Amino acid sequence: PPSTPPSQILATLPAPPNFVIYQAGVDPAASDRMGRLSLSRAGLRARNAAVFDWVTARSPGGPEVPIPTLVLMGGGYPKKSEEDSQEFSEMVELHADVFVQAAERNY
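It is worth spelling out the pattern of salt bridges at this point. Pairs can form between side chains of opposite charge whenever their charged atoms are close. Across all of its chains, the model carries four salt bridges by this definition. A salt bridge links Asp97 to Arg41; the nearest nitrogen and oxygen atoms lie 2.7 Å apart. Placement of Asp97 in helix H3 (residues 86-104) and of Arg41 in helix H2 (residues 41-57) is noted, with a sequence separation of 56 residues between them. Between Arg45 and Asp97 there is a salt bridge whose closest N-O contact spans 3.5 Å. Placement of Arg45 in helix H2 and of Asp97 in helix H3 is noted, with a sequence separation of 52 residues between them. Assessed through its relative accessible area of 30%, Arg45 is described here as partly exposed.

Below is the structure:
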């Protein structure tokens, strides 16, 4: 359901995986015309952190030996798609956040 916290969703997954594919769509953003979750930028960053925390916690080698993780962009349909619109710029920032957070974790 849309109101399910990421930590609850992640708790249902088996551990430890050999490989993780993280489809890090930004369509849950409040500014996305297709999404319905209305998450703020902080909410999406918290979702990303929850996924990366989950992966790190399940790594048999600890944080120094992370589980191989493929991070993919997805979603991000701004209400105004002109490149100079605020909505378009926000979608770009949300996508960048995913990869900045992944790089900070050495993924």
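For the structure shown, the criterion picks out one aromatic pair. Between Tyr22 and Phe52 the ring centres are 5.6 Å apart and the planes differ by 90 degrees, which places this aromatic pair in the edge-to-face class. Taken together, the positions of Tyr22 in strand S1 (residues 20-25) and Phe52 in helix H2 put the pair 30 residues apart, joining distant regions of the chain. Residue Tyr22 is classed as buried on the basis of its relative accessible area, which comes to 6%. Of the residues examined, Phe52 reaches a relative accessible area of 1% and is grouped as buried.

Quick notes on the rules
Residues numbered from 1 in each chain as written. Predicted model: local features only at pLDDT ≥ 70, side-chain atom pairs only at ≥ 80, totals over all residues. Heavy atoms only, no water. Salt bridge = Lys/Arg side-chain N within 4 Å of Asp/Glu carboxyl O. Helix = DSSP H or I, 4+ residues; strand = E, 2+ residues; numbered from the N terminus. Buried < 20%, exposed > 50% of the residue type's maximum accessible area, 1.4 Å probe, protein only. Phe/Tyr/Trp six-rings, centres within 6.5 Å; stacked < 30°, edge-to-face > 60°.

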